[in-house]
Amino acid sequence: MSNSTFKVVTIAGATGSLGYHITDAFLNNGSYKIKILRKKPKSENKNASLLASKGAEVIYVDYNDKNDLAKTLKGTDVIVSAIGGNELEATQRTLLIAAKEAGVKRFIPSEFGCDIKTINDVHLFHASKLAFLQELEKSGIEYTIIVTGLFQEYIGILGFDHKNKKATFYADSNTKIATTALSDIGKYTVESLKLPEARNGTIRVAGSVLTLNELLKKYEEITGTKWEVSEDFTIRQRFKNNTAPVPTIMDDFAAYLTVNSDIKNLHNDKFSFTPIPVAEVISTIVKT
Ligand SMILES: NC(=O)c1ccc[n+]([C@@H]2O[C@H](COP(=O)([O-])OP(=O)(O)OC[C@H]3O[C@@H](n4cnc5c(N)ncnc54)[C@H](OP(=O)(O)O)[C@@H]3O)[C@@H](O)[C@H]2O)c1
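Residues numbered from 1 in each chain as written. Predicted model: local features only at pLDDT ≥ 70, side-chain atom pairs only at ≥ 80, totals over all residues. Heavy atoms only, no water.

A. Seen up close, the overall build of the chain. Of the regular secondary structure elements, the chain holds 10 helices and 13 strands. The globule rule puts the C-alpha radius of gyration for 288 residues at 19 Å, and the 20 Å found for the chain is close to it. Reported as C-alpha extents along the three principal axes, the dimensions of the chain are approximately 55 × 40 × 40 Å. A total of 288 residues make up the chain; the buried ones form 52% of that total. Sequence separation of at least 24 residues holds for 78% of the intrachain contacts in the chain that already meet a minimum separation of 6. Total accessible area on the chain is roughly 13,400 Å²; 50% of this is exposed by carbon and sulfur atoms. (Helix = DSSP H or I, 4+ residues; strand = E, 2+ residues; numbered from the N terminus. Rg over C-alpha atoms; globule rule 2.2 N^0.38 Å. Buried < 20%, exposed > 50% of the residue type's maximum accessible area, 1.4 Å probe, protein only. Contact = heavy atoms within 4.5 Å. Areas by Shrake-Rupley, 256 points an atom, 1.4 Å probe, with all protein chains shown as cover.)

The structure is reproduced here in C-alpha coordinates:
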(Lines give C-alpha, C1' and ligand atoms only; values in the text may rest on other atoms or scores of the structure.)
Protein backbone atom coordinates (compact mmCIF):
# COMPACT_ATOMS: atom_id res chain seq x y z
CA MET A 1 0.00 0.00 0.00
CA SER A 2 1.51 3.32 -1.03
CA ASN A 3 1.40 6.02 1.66
CA SER A 4 0.32 8.59 -0.90
CA THR A 5 -3.05 6.84 -1.13
CA PHE A 6 -3.99 8.01 2.38
CA LYS A 7 -6.14 11.10 2.05
CA VAL A 8 -9.07 10.68 4.43
CA VAL A 9 -8.50 9.87 8.12
CA THR A 10 -11.43 9.06 10.40
CA ILE A 11 -10.88 9.20 14.15
CA ALA A 12 -13.16 7.40 16.62
CA GLY A 13 -13.02 8.64 20.21
CA ALA A 14 -11.66 12.00 19.03
CA THR A 15 -13.23 13.90 21.92
CA GLY A 16 -11.37 11.89 24.56
CA SER A 17 -8.26 12.64 26.60
CA LEU A 18 -5.97 11.19 23.93
CA GLY A 19 -8.23 11.34 20.86
CA TYR A 20 -8.38 15.12 21.06
CA HIS A 21 -4.58 15.40 20.78
CA ILE A 22 -4.38 12.89 17.93
CA THR A 23 -7.07 14.73 15.98
CA ASP A 24 -5.48 18.10 16.71
CA ALA A 25 -2.12 16.81 15.40
CA PHE A 26 -3.77 15.61 12.16
CA LEU A 27 -5.52 18.96 11.72
CA ASN A 28 -2.27 20.85 12.38
CA ASN A 29 -0.48 18.64 9.82
CA GLY A 30 -3.01 19.73 7.23
CA SER A 31 -2.38 16.93 4.70
CA TYR A 32 -5.54 14.93 5.34
CA LYS A 33 -9.30 15.33 5.32
CA ILE A 34 -10.30 14.64 8.94
CA LYS A 35 -13.59 13.11 10.05
CA ILE A 36 -14.45 12.33 13.63
CA LEU A 37 -16.97 9.75 14.75
CA ARG A 38 -19.09 10.50 17.80
CA LYS A 39 -21.48 8.08 19.38
CA LYS A 40 -25.19 8.85 19.11
CA PRO A 41 -27.20 10.55 20.52
CA LYS A 42 -25.91 13.98 19.59
CA SER A 43 -24.40 15.80 22.59
CA GLU A 44 -22.52 18.99 23.30
CA ASN A 45 -18.79 18.54 23.69
CA LYS A 46 -16.12 21.23 24.02
CA ASN A 47 -13.42 19.15 22.32
CA ALA A 48 -15.73 18.28 19.41
CA SER A 49 -16.56 21.98 18.91
CA LEU A 50 -12.87 22.93 18.99
CA LEU A 51 -11.95 20.23 16.48
CA ALA A 52 -14.87 21.18 14.22
CA SER A 53 -13.74 24.83 14.32
CA LYS A 54 -10.33 23.66 13.07
CA GLY A 55 -11.87 21.78 10.14
CA ALA A 56 -12.89 18.31 11.35
CA GLU A 57 -16.16 16.91 10.04
CA VAL A 58 -18.19 15.54 12.97
CA ILE A 59 -20.33 12.48 12.22
CA TYR A 60 -22.68 10.78 14.71
CA VAL A 61 -22.87 7.00 14.47
CA ASP A 62 -24.50 4.05 16.13
CA TYR A 63 -21.51 1.84 16.97
CA ASN A 64 -23.86 -1.15 17.30
CA ASP A 65 -25.04 -0.78 13.71
CA LYS A 66 -22.43 -2.27 11.40
CA ASN A 67 -24.26 -1.18 8.25
CA ASP A 68 -24.57 2.42 9.39
CA LEU A 69 -20.88 2.41 10.28
CA ALA A 70 -19.81 0.86 6.97
CA LYS A 71 -21.83 3.45 5.04
CA THR A 72 -20.20 6.23 7.07
CA LEU A 73 -16.71 4.83 6.52
CA LYS A 74 -16.94 4.68 2.72
CA GLY A 75 -14.09 6.79 1.38
CA THR A 76 -12.02 6.59 4.60
CA ASP A 77 -8.41 5.50 4.08
CA VAL A 78 -7.26 5.26 7.70
CA ILE A 79 -9.21 4.72 10.91
CA VAL A 80 -7.59 5.78 14.15
CA SER A 81 -9.40 4.44 17.17
CA ALA A 82 -8.82 6.39 20.37
CA ILE A 83 -11.98 5.03 21.96
CA GLY A 84 -11.93 4.61 25.72
CA GLY A 85 -14.25 3.06 28.28
CA ASN A 86 -15.56 -0.36 29.19
CA GLU A 87 -17.06 -1.23 25.82
CA LEU A 88 -13.82 -0.64 23.95
CA GLU A 89 -13.36 -4.14 22.57
CA ALA A 90 -16.98 -4.64 21.46
CA THR A 91 -17.04 -1.22 19.83
CA GLN A 92 -13.73 -1.73 18.03
CA ARG A 93 -14.93 -5.14 16.77
CA THR A 94 -17.92 -3.60 15.01
CA LEU A 95 -15.71 -0.80 13.74
CA LEU A 96 -13.27 -3.32 12.30
CA ILE A 97 -16.00 -5.32 10.53
CA ALA A 98 -17.46 -2.12 9.10
CA ALA A 99 -14.00 -0.87 8.08
CA LYS A 100 -13.34 -4.03 6.10
CA GLU A 101 -16.72 -3.78 4.42
CA ALA A 102 -16.11 -0.11 3.55
CA GLY A 103 -12.66 -0.81 2.07
CA VAL A 104 -10.70 1.15 4.69
CA LYS A 105 -6.97 0.68 4.03
CA ARG A 106 -5.46 0.88 7.52
CA PHE A 107 -6.73 0.46 11.08
CA ILE A 108 -4.88 1.96 14.05
CA PRO A 109 -6.40 0.42 17.20
CA SER A 110 -6.90 2.11 20.56
CA GLU A 111 -3.64 1.03 22.17
CA PHE A 112 -1.15 3.82 22.98
CA GLY A 113 0.32 2.29 26.11
CA CYS A 114 2.26 -0.83 27.10
CA ASP A 115 3.62 -3.27 24.54
CA ILE A 116 0.95 -5.76 25.58
CA LYS A 117 1.86 -8.39 23.00
CA THR A 118 5.20 -8.85 24.80
CA ILE A 119 3.76 -9.13 28.34
CA ASN A 120 3.42 -12.65 29.78
CA ASP A 121 0.81 -11.99 32.41
CA VAL A 122 -1.48 -9.39 30.85
CA HIS A 123 -3.65 -7.46 33.34
CA LEU A 124 -7.42 -7.90 33.31
CA PHE A 125 -7.68 -4.29 32.05
CA HIS A 126 -5.58 -5.22 28.99
CA ALA A 127 -7.00 -8.68 28.26
CA SER A 128 -9.72 -7.48 25.89
CA LYS A 129 -7.25 -5.18 24.12
CA LEU A 130 -4.97 -8.15 23.49
CA ALA A 131 -7.88 -10.23 22.18
CA PHE A 132 -8.77 -7.41 19.77
CA LEU A 133 -5.18 -7.14 18.51
CA GLN A 134 -5.19 -10.84 17.70
CA GLU A 135 -8.43 -10.37 15.78
CA LEU A 136 -7.08 -7.30 13.97
CA GLU A 137 -3.95 -9.15 12.88
CA LYS A 138 -6.07 -11.93 11.39
CA SER A 139 -8.55 -9.58 9.75
CA GLY A 140 -6.55 -8.94 6.59
CA ILE A 141 -6.90 -5.15 6.95
CA GLU A 142 -3.57 -3.30 7.18
CA TYR A 143 -2.84 -2.18 10.77
CA THR A 144 -0.39 -0.26 12.95
CA ILE A 145 -0.13 -0.78 16.70
CA ILE A 146 1.31 2.29 18.41
CA VAL A 147 3.11 1.67 21.72
CA THR A 148 3.88 4.84 23.71
CA GLY A 149 4.30 3.78 27.34
CA LEU A 150 2.41 5.71 29.96
CA PHE A 151 0.85 9.10 29.17
CA GLN A 152 3.21 11.58 30.86
CA GLU A 153 0.23 13.53 32.13
CA TYR A 154 -0.79 10.38 34.11
CA ILE A 155 2.65 9.63 35.59
CA GLY A 156 1.37 10.13 39.16
CA ILE A 157 -0.39 6.76 38.94
CA LEU A 158 3.00 5.09 39.42
CA GLY A 159 3.05 6.28 43.03
CA PHE A 160 4.20 9.91 42.73
CA ASP A 161 2.09 11.99 45.12
CA HIS A 162 3.18 15.57 44.44
CA LYS A 163 0.64 17.10 46.85
CA ASN A 164 2.20 15.28 49.83
CA LYS A 165 5.75 15.03 48.39
CA LYS A 166 5.69 11.26 48.82
CA ALA A 167 6.54 8.45 46.45
CA THR A 168 5.67 4.78 46.74
CA PHE A 169 7.71 2.50 44.51
CA TYR A 170 5.89 -0.61 43.36
CA ALA A 171 9.12 -2.10 41.98
CA ASP A 172 12.88 -1.65 42.27
CA SER A 173 13.95 2.00 41.93
CA ASN A 174 15.97 1.09 38.80
CA THR A 175 12.86 -0.09 36.93
CA LYS A 176 12.65 1.76 33.63
CA ILE A 177 9.49 3.62 32.69
CA ALA A 178 8.69 4.85 29.17
CA THR A 179 6.33 7.82 29.01
CA THR A 180 5.06 10.09 26.24
CA ALA A 181 3.16 13.40 26.34
CA LEU A 182 -0.34 13.34 24.82
CA SER A 183 0.48 15.96 22.19
CA ASP A 184 3.55 13.97 21.11
CA ILE A 185 1.46 10.79 20.78
CA GLY A 186 -0.66 12.80 18.35
CA LYS A 187 2.40 13.72 16.27
CA TYR A 188 3.79 10.17 16.32
CA THR A 189 0.44 8.87 15.09
CA VAL A 190 0.35 11.33 12.18
CA GLU A 191 3.93 10.61 11.09
CA SER A 192 3.43 6.83 11.43
CA LEU A 193 1.39 6.96 8.22
CA LYS A 194 4.60 7.68 6.30
CA LEU A 195 6.73 4.93 7.86
CA PRO A 196 7.20 1.64 6.00
CA GLU A 197 7.70 -0.09 9.39
CA ALA A 198 4.17 0.89 10.37
CA ARG A 199 2.59 -1.33 7.72
CA ASN A 200 1.23 -4.35 9.60
CA GLY A 201 3.58 -3.63 12.46
CA THR A 202 4.12 -2.12 15.88
CA ILE A 203 5.60 1.36 16.20
CA ARG A 204 7.31 1.86 19.56
CA VAL A 205 7.98 5.42 20.71
CA ALA A 206 8.68 7.21 23.97
CA GLY A 207 9.11 10.84 24.96
CA SER A 208 11.31 9.68 27.82
CA VAL A 209 12.65 6.46 29.31
CA LEU A 210 13.76 7.02 32.90
CA THR A 211 14.00 4.86 36.02
CA LEU A 212 11.65 5.39 38.96
CA ASN A 213 14.56 6.95 40.83
CA GLU A 214 15.33 9.35 37.96
CA LEU A 215 11.66 10.35 37.79
CA LEU A 216 11.69 10.95 41.55
CA LYS A 217 14.73 13.21 41.14
CA LYS A 218 12.82 15.25 38.52
CA TYR A 219 9.90 15.66 40.95
CA GLU A 220 12.31 16.64 43.75
CA GLU A 221 14.10 19.20 41.55
CA ILE A 222 10.82 20.69 40.34
CA THR A 223 9.22 20.88 43.78
CA GLY A 224 12.48 21.94 45.45
CA THR A 225 12.05 19.38 48.26
CA LYS A 226 13.34 15.98 49.29
CA TRP A 227 10.48 13.47 49.07
CA GLU A 228 9.58 10.68 51.47
CA VAL A 229 9.93 7.33 49.68
CA SER A 230 8.39 3.99 50.63
CA GLU A 231 8.32 0.65 48.85
CA ASP A 232 5.55 -1.86 48.27
CA PHE A 233 6.72 -4.66 46.00
CA THR A 234 4.07 -7.27 46.89
CA ILE A 235 0.90 -5.62 45.55
CA ARG A 236 0.55 -7.92 42.54
CA GLN A 237 1.05 -11.03 44.66
CA ARG A 238 -1.33 -9.87 47.42
CA PHE A 239 -3.96 -8.99 44.83
CA LYS A 240 -3.65 -12.37 43.12
CA ASN A 241 -3.70 -14.34 46.40
CA ASN A 242 -6.22 -12.10 48.15
CA THR A 243 -3.75 -11.61 51.00
CA ALA A 244 -4.15 -8.78 53.51
CA PRO A 245 -3.89 -5.90 53.11
CA VAL A 246 -5.70 -6.68 49.83
CA PRO A 247 -4.91 -3.98 47.25
CA THR A 248 -7.57 -2.43 45.05
CA ILE A 249 -7.59 -3.38 41.37
CA MET A 250 -6.33 0.12 40.58
CA ASP A 251 -3.34 -0.41 42.91
CA ASP A 252 -2.71 -3.74 41.20
CA PHE A 253 -2.91 -2.02 37.80
CA ALA A 254 -0.44 0.66 38.94
CA ALA A 255 2.00 -2.04 40.08
CA TYR A 256 1.50 -3.88 36.76
CA LEU A 257 2.16 -0.67 34.79
CA THR A 258 5.32 -0.04 36.81
CA VAL A 259 6.87 -3.36 35.85
CA ASN A 260 5.60 -3.35 32.26
CA SER A 261 6.21 0.19 31.01
CA ASP A 262 9.71 -0.18 29.64
CA ILE A 263 9.76 -0.24 25.81
CA LYS A 264 12.48 -1.98 23.83
CA ASN A 265 13.52 -1.28 20.22
CA LEU A 266 12.20 2.26 19.97
CA HIS A 267 11.47 3.84 16.57
CA ASN A 268 12.07 7.41 17.82
CA ASP A 269 14.83 8.07 15.29
CA LYS A 270 12.36 7.58 12.42
CA PHE A 271 10.38 10.66 13.47
CA SER A 272 11.07 14.30 12.59
CA PHE A 273 10.52 15.99 15.96
CA THR A 274 12.02 16.06 19.47
CA PRO A 275 9.49 15.05 22.11
CA ILE A 276 8.56 17.33 25.01
CA PRO A 277 10.94 16.83 28.00
CA VAL A 278 9.20 14.90 30.77
CA ALA A 279 10.28 17.61 33.27
CA GLU A 280 8.06 20.09 31.41
CA VAL A 281 5.02 17.86 31.84
CA ILE A 282 5.85 17.15 35.51
CA SER A 283 6.15 20.93 36.11
CA THR A 284 2.63 21.37 34.76
CA ILE A 285 1.35 18.47 36.88
CA VAL A 286 2.76 19.87 40.14
CA LYS A 287 1.20 23.29 39.44
CA THR A 288 -2.30 21.80 39.27
N1 LIG B 1 -0.81 4.83 28.20
C2 LIG B 1 -1.57 5.39 29.10
O3 LIG B 1 -1.09 5.91 30.13
C4 LIG B 1 -3.05 5.45 28.90
C5 LIG B 1 -3.84 6.15 29.83
C6 LIG B 1 -5.20 6.23 29.59
C7 LIG B 1 -5.76 5.63 28.47
N8 LIG B 1 -4.95 4.94 27.60
C9 LIG B 1 -5.52 4.31 26.40
O10 LIG B 1 -5.75 5.34 25.42
C11 LIG B 1 -6.96 5.06 24.71
C12 LIG B 1 -7.91 6.25 24.81
O13 LIG B 1 -8.22 6.44 26.18
P14 LIG B 1 -8.83 7.81 26.73
O15 LIG B 1 -8.65 7.80 28.22
O16 LIG B 1 -8.30 8.95 25.94
O17 LIG B 1 -10.36 7.59 26.39
P18 LIG B 1 -11.62 8.41 26.96
O19 LIG B 1 -11.23 9.81 27.14
O20 LIG B 1 -12.19 7.66 28.14
O21 LIG B 1 -12.68 8.19 25.78
C22 LIG B 1 -12.42 8.56 24.47
C23 LIG B 1 -13.70 8.73 23.70
O24 LIG B 1 -14.23 7.46 23.35
C25 LIG B 1 -15.59 7.65 23.02
N26 LIG B 1 -16.35 6.53 23.63
C27 LIG B 1 -16.50 6.22 24.92
N28 LIG B 1 -17.23 5.11 25.06
C29 LIG B 1 -17.51 4.70 23.82
C30 LIG B 1 -18.22 3.62 23.30
N31 LIG B 1 -18.80 2.70 24.08
N32 LIG B 1 -18.31 3.52 21.97
C33 LIG B 1 -17.73 4.43 21.17
N34 LIG B 1 -17.05 5.49 21.61
C35 LIG B 1 -16.95 5.61 22.92
C36 LIG B 1 -16.07 9.00 23.57
O37 LIG B 1 -16.25 9.87 22.47
P38 LIG B 1 -17.68 10.39 21.93
O39 LIG B 1 -18.59 10.47 23.11
O40 LIG B 1 -17.37 11.72 21.33
O41 LIG B 1 -18.11 9.39 20.92
C42 LIG B 1 -14.85 9.42 24.39
O43 LIG B 1 -14.63 10.81 24.38
C44 LIG B 1 -7.49 3.75 25.29
O45 LIG B 1 -7.03 2.67 24.53
C46 LIG B 1 -6.88 3.70 26.66
O47 LIG B 1 -6.73 2.40 27.19
C48 LIG B 1 -3.62 4.85 27.78
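There is more to say after this.
B. Region of interest: helix H9 (residues 249-259). Inspection of H9 places Asp252, Phe253, Ala254, Ala255, Tyr256, Leu257 and Thr258 among the buried residues, and these make up the whole buried set. Those residues of H9 that are buried lie in contact with helix H5 (124-139), strand S7 (150-151), strand S10 (176-180), helix H7 (212-223) and helix H8 (235-241).

C. Unusual backbone geometry, seen in detail. Here lysine 40 and proline 41 are connected by a cis peptide whose omega angle stands at 0 degrees. Looking at the element boundaries, proline 41 is found in the loop between strand S2 (33-39) and helix H2 (46-53). Backbone geometry places phenylalanine 112, a non-glycine residue, at a positive phi of 55 degrees. Given a relative accessible area of 3%, phenylalanine 112 falls into the buried group. At asparagine 265, a position not held by glycine, the phi torsion is positive, near 55 degrees. Looking at the secondary structure, you find asparagine 265 in the loop between H9 and helix H10 (278-287).

D. Quick peek at the sheet that holds strand S9 (residues 166-169). The strand order across the open sheet built from 3 strands is S8-S9-S13, with neighbouring strands paired in mixed fashion. Strands with a single pairing partner mark the edges of an open sheet, and in this sheet they are strand S8 (160-161) and strand S13 (228-231). As paired strands, S9 and S13 are joined by 4 bridges and run parallel to one another. Across the sheet, the residue bridging to alanine 167 is valine 229, located in S13. (Pairing = 2+ DSSP bridges.)

E. Inspection of the sheet that holds strand S12 (residues 208-211) at higher detail. Taken together, 3 strands build an open sheet; the order of strands is S7-S10-S12 and the sheet is mixed. Every other strand in the sheet has two partners, leaving S7 and S12 as the edge strands with one partner each. For S10 and S12, the ladder comprises 4 bridges, and the chain directions are antiparallel. If you follow alanine 178 over to S12, its bridge partner there is valine 209. Its contacts with the sheet put H7 on S10 and S12, and the angle it makes with S12 is roughly 100 degrees. (Axes fitted to C-alpha atoms, helices over the stretch in contact; angles between N-to-C directions.)

Any functional reading would require information beyond the geometric quantities listed.
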